Amino acid sequence: MSRDRAVGVGLMAVSIIVILAYLWLVFFSPYAFLVLQLTAFIAVAGVFGILAWVGYALATTPPPKPIEEIEKEIEAELKRLEEEAKGQSPGQ
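Computed from a prediction, not measured in an experiment: that's the story for all the values here.

A. Quick look at the overall build of the protein chain. The helix and strand inventory of the protein chain stands at three helices and zero strands. Along its sequence from the N terminus, the protein chain presents helices and strands in the succession α-α-α. Against the compact-globule benchmark of 12 Å for 92 residues, the protein chain has a radius of gyration of 30 Å, which places it well outside the compact range. C-alpha extents for the protein chain along the principal axes are approximately 90 × 45 × 15 Å. For the protein chain, the residues scored as buried account for 4% of the 92 residues in total. About 8,600 Å² of surface is accessible on the protein chain, with carbon and sulfur atoms providing 72% of the total. With 7 positive and 10 negative side-chain charges, the protein chain shows a spacing of 9 Å between the two charge centroids.

Structure (structure tokens):
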């Protein structure tokens, strides 16, 4: 059995075990309400944690240069290259 296949079978087995354990905890355990509360909290905290990370990334990333400034830099570089090309004679 290849390594990828073994990892896949392992992930599938662990997933099925977790699903069955969660089923038992939610429907047959005396801690059903606590399990549902924890599940809801983890889901909400995960979503808003990701949202906070995106907000932090947006707040701390410097804005890009304006397109006009980039175009001016490109034009200046093209002019410089053209002048260098004109300055060199074909015989050299």
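Picking up where we left off.
B. Quick peek at the environment of Thr-61. Relative to the elements of secondary structure, Thr-61 occurs in the loop between helix H2 (32-60) and helix H3 (67-87). When the C-alpha positions of Thr-61 and Val-35 are compared, they lie 39 Å apart, and in sequence the two are 26 residues distant. A polar contact is formed between the side chain of Thr-61 and the backbone oxygen of Ala-57, at a distance of 2.5 Å.

C. Highlighting the pattern of salt bridges. Applying the stated criterion across every chain yields a total of three salt bridges. The residue Arg-80 makes a salt bridge to Glu-77 at a minimum N-O spacing of 2.4 Å. Remark: Glu-77 and Arg-80 occur in helix H3; sequence separation between them is three residues, near one turn of the helix. For Arg-80, a relative accessible area of 36% corresponds to the partly exposed category. Residue Glu-84 pairs with Arg-80 through a salt bridge whose shortest N-O separation is 2.3 Å. Here the residue Glu-84 and the residue Arg-80 both occupy positions in helix H3, the gap between them amounting to four residues, near one helical turn. Through salt bridges with shared partners, a single network forms among Glu-77, Arg-80 and Glu-84.

D. Structural context of the environment of Lys-65. Considering the arrangement of structural elements, one finds Lys-65 in the loop between H2 and H3. Taking the C-alpha atoms as reference, Lys-65 lies 39 Å from Ile-42; in sequence the two are 23 residues apart. When sequence neighbours within four positions are dropped, the list of residues in contact with Lys-65 reads Ile-70 and Glu-73. At a separation of 3.0 Å, a polar atom in the side chain of Lys-65 contacts the side chain of Glu-73.

Reading guide: rules and limits
- Residues numbered from 1 in each chain as written.
- Predicted model: local features only at pLDDT ≥ 70, side-chain atom pairs only at ≥ 80, totals over all residues.
- Heavy atoms only, no water.
- Helix = DSSP H or I, 4+ residues; strand = E, 2+ residues; numbered from the N terminus.
- Rg over C-alpha atoms; globule rule 2.2 N^0.38 Å.
- Buried < 20%, exposed > 50% of the residue type's maximum accessible area, 1.4 Å probe, protein only.
- Areas by Shrake-Rupley, 256 points an atom, 1.4 Å probe, with all protein chains shown as cover.
- Lys, Arg positive; Asp, Glu negative; His and termini not counted.
- Charge placed at Lys NZ, Arg CZ, Asp CG, Glu CD.
- Polar contact = N/O pair within 3.5 Å; in protein donor to acceptor, adjacent residues only side chain to side chain.
- Salt bridge = Lys/Arg side-chain N within 4 Å of Asp/Glu carboxyl O.
- Contact = heavy atoms within 4.5 Å.

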